[in-house]
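An overview of the molecular structure
The lines below spell out each chain.
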Amino acid sequence: MNEKETPPAEVETDEAKELVEDEAKPEEQFEQETEQETSEETQNDSVENPEAEEVESDPHLMDPPVIPTEELVEPEVIEEQEEEIIVQEKYEKGLEKTRKTFGARLNELFANFRSVDEDFFEELEETLIGADVGFDTAIKITESLRQEVKLRNVKKPAAVQNTIIEKMVDLYEAEGIEENNALNIQTNGLTVMLFVGVNGVGKTTSIGKLAHEFKQDGKKVLLAAADTFRAGAIDQLVVWGERAGVEVVRGNAGGDPAAVVFDAVERAKTENADILLVDTAGRLQNKVNLMNELEKIKRVIQRELPDAPHEVLLVVDATTGQNAMSQAKQFKETTDVTGLVLTKLDGTAKGGIVLAIRNELHLPVKLVGLGEGIDDLEPFDANDFAIGLFKGLLKVEE
């Protein structure tokens, strides 16, 4: 064992000697040898790569830095982000009238009151009701604000205004915790959506715009013109079908709406369609005949597709404010409405009706009309709505 251990010891001794010798060399001699070694290495590099010197001297010819793969952003992600920005801008623009009106009401309220007393809360209640957030919602917000003001001893107008908005957002979010705003699209097989609502609310227009969206997504779409009581309604849906590039199943004016729906379902099944959108008559919601007709249409659909219709969407006009609320209540009592389409939101100062519908009827708003273009019917997004409704209204507290 001792003989085997001797060689490494000798090697270590040699290395130690070299280190001692290096240390013993005069400093000038050591530097000269170092410079000579460096010069030799540089010359060797130049011989092996004659372009090396030129590359080093010209920074423009140097290789660009390598970006790690994980830092590269996928084109699909960029496209999604751009789409989100566009949609949020639509909400902000569409809710501009509502935002300005609500802001003006708050400014007027604070101009008339220098202190937060009982008269202030009563006036706030009236202001909120006037903003079409609904009677029950206005009461809840005002009562919650009373408690918050006492708890935090809030006195400054800016702080009070911010608290009002915070309470509206909190209540809005609390009522929608278990709410599903997404359309019930079947992953396999045909999806049938029934559209109901009174005349003039934008029902046919909404169907045409939604058909366009589905067609853009690569889906096979059919429309059913089941509003046979008005020849104009059939013609209007045909025009929208042409715009969206989808076919319309139609019958004669005055014919049986259920028969048109039956033909549409059969054709959709034969042609392996993905989506069938059904337009229905829009007579006054309190007419028993209309409700019986809707039930008949649903029975016809369910004979062919037991789990259909997958959506019964009530279309209401946002510009009518509380009248839209009244329509929603009556339709909800007489048919199984699964969600709402809120049209003309961009043309009204009554966008607060969304708060009333969510908080009092507990019906999800699934689609909103934010403009007149064919691409301006958007899925409802609570965050985008809240930003669009309150952006710029929060005050900086001094």
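Residues numbered from 1 in each chain as written. Predicted model: local features only at pLDDT ≥ 70, side-chain atom pairs only at ≥ 80, totals over all residues. Heavy atoms only, no water.

Quick notes on the packing of helix α5 (residues 96-112) against helix α6 (residues 118-130)
Between two packed helices, both the angle of their axes relative to each other and the distance between the axes serve to describe the pair. Condition: Angles shown run from 0 to 180 degrees and are taken between the N-to-C directions of axes, each axis being a line fitted to C-alpha atoms and, for helices, limited to the stretch in contact. The helix count covers DSSP runs of H or I at least four residues long, the strand count covers runs of E at least two residues long, and both are numbered beginning at the N terminus. Just so you know how the angles are binned, under 35 degrees is roughly parallel, over 145 roughly antiparallel, 65 to 115 roughly perpendicular, and the rest oblique. Crossing handedness is defined as follows: a turn of the near helix away from the far one that is anticlockwise and smaller than a right angle gives a left-handed crossing, while the clockwise case is right-handed. When checking whether two residues touch, look at their non-hydrogen atoms; a contact exists if any pair is within 4.5 Å. Gly is put with the polar residues, along with every residue not named as nonpolar or charged; the nonpolar set is Ala, Val, Leu, Ile, Met, Phe, Trp, Tyr, Cys and Pro, and the charged set is Asp, Glu, Lys and Arg.
Interaxial distance between α5 and α6 falls to 10 Å at its minimum, and their mutual angle equals 165°. On the basis of the axis angle, α5 is roughly antiparallel to α6. Considering the relative orientation of α5 and α6, their crossing is right-handed. The residues of α6 that touch α5, namely those facing Phe 102, Arg 105, Leu 109 and Phe 110, are Phe 120, Glu 123, Leu 124, Thr 127, Leu 128 and Gly 130. Residues that form the contact of α5 with α6 fall into these classes: 6 nonpolar, 2 polar and 2 charged.

Describing the packing of aromatic side chains
As a reminder, the rule being used: Between the rings of Phe, Tyr and Trp (Trp by its six-membered ring), a pair exists once the centres lie within 6.5 Å; its type follows the angle of the planes, with under 30 degrees stacked, over 60 edge-to-face, and the other angles tilted. Relative accessibility decides the category of a residue: with a 1.4 Å probe and only protein chains considered, values under 20% of the type maximum give buried, values over 50% give exposed, and everything between is partly exposed.
For the structure shown, the criterion picks out 3 aromatic pairs. Their ring planes at 40° and their centres at 5.6 Å tell us that Phe 110 and Phe 120 sit as a pair that is tilted. Here the residue Phe 110 occupies a position in helix α5, and Phe 120 occupies one in helix α6, the gap between them amounting to 10 residues. Note on accessibility: Phe 110 and Phe 120 belong to one class, buried. Ring geometry for Phe 380 against Phe 385: centres 5.6 Å apart, planes inclined by 50°, an arrangement best described as tilted. By relative accessible area, which is 1% here, Phe 385 ends up buried. Taken together, Phe 110, Phe 120 and Phe 121 form an aromatic cluster joined through their ring pairs.

Considerations on the side chain of Asp 376
Stated precisely, the cut-off is as follows: Nitrogen and oxygen atoms within 3.5 Å of one another constitute a polar contact, given that in protein one can donate a hydrogen and the other can accept it, and given that sequence-neighbouring residues count only through two side-chain atoms.
Tracing the sequence through the fold places Asp 376 in the loop between β7 (365-369) and β8 (377-379). Among the polar contacts made by the side chain of Asp 376, one reaches the side chain of Lys 90 at a distance of 3.4 Å.

Considering the pairing of strand β1 (residues 191-196)
For clarity, the cut-off: A pair of strands is labelled paired if DSSP reports no fewer than 2 bridges between them.
For β1, a buried count of 6 out of 6 residues is recorded, marking the element as mostly surrounded by other parts of the structure. Side chains of β1 alternate between two faces, with Thr 191, Met 193 and Phe 195 and Val 192, Leu 194 and Val 196 buried alike. Direction of pairing for β1 relative to strand β4 (residues 275-279): parallel, over a ladder of 5 bridges. Looking at β4, one finds that Phe 195 is bridged to Asp 279. Where β1 meets strand β5 (residues 311-317), 4 bridges bridge the pair, whose relative direction is parallel. The residue bridging Met 193 from the neighbouring strand is Glu 311, located in β5.

Topic: the side chain of Ser 206
Summarising the element assignment, Ser 206 is placed in helix α9 (residues 203-216). If near-sequence neighbours (up to four positions away) are discounted, Ser 206 is found in contact with Val 315, Val 341, Thr 343 and Leu 377.

Notes on helix α13 (residues 322-334)
Quick reminder of the rule: Expected helix span is given by 1.5 Å per residue-to-residue step, counting one fewer step than there are residues. What the arc covers is the set of directions going from the helix axis to the C-beta atoms.
An ideal rise of 1.5 Å per residue puts 18 Å on 13 residues; α13 measures up with 19 Å between its terminal C-alpha atoms. Taken together, the buried positions of α13 are occupied by Ala 324, Met 325, Gln 327, Ala 328 and Phe 331. Projected onto a plane normal to the axis of α13, the buried residues spread over an arc of 160° and lie on a single side.

A closer look at α6
An ideal rise of 1.5 Å per residue puts 18 Å on 13 residues; α6 measures up with 19 Å between its terminal C-alpha atoms. Listing the buried residues of α6 in full gives Phe 120, Phe 121, Leu 124, Glu 125, Thr 127 and Leu 128. Projection of α6 onto a plane perpendicular to its axis shows the buried side chains occupying an angular sector of 165°, all on one side. Capping of α6 at its N-terminal end is provided by Asp 117; its side-chain oxygen lies 3.3 Å from the backbone amide nitrogen of Asp 119.

Notes on unusual backbone geometry
The amide bond that connects Ala 308 to the next residue, Pro 309, takes the cis arrangement and shows omega of -5°. For Lys 344, which is not glycine, the phi torsion reads 60° and is therefore positive. Tracing the sequence through the fold places Lys 344 in the loop between β6 (339-343) and α14 (353-361). You can call Lys 344 partly exposed: its relative accessible area is 35%. Notably, His 362 is not glycine yet its phi reads approximately 55°, a positive angle. Along the polypeptide, His 362 turns up in the loop between α14 and β7.

Some points on the sheet that holds β7
Overall, mixed pairing links the 8 strands, which are arranged β3-β2-β4-β1-β5-β6-β7-β8 in an open sheet. At either end of the open sheet lies a strand with only one pairing partner, and these are β3 (247-249) and β8. On average, adjacent strands in this sheet sit at an angle of 25° to one another, irrespective of strand direction. Bridging between strand β2 (residues 221-225) and β4 involves 5 bridges; their strand directions are parallel. Across the sheet, Ala 225 pairs through a bridge with Asp 279, a residue of β4. The strands that α9 touches are β1, β2, β4, β5, β6, β7 and β8; relative to β4, the one it contacts most, it runs at about 170°.

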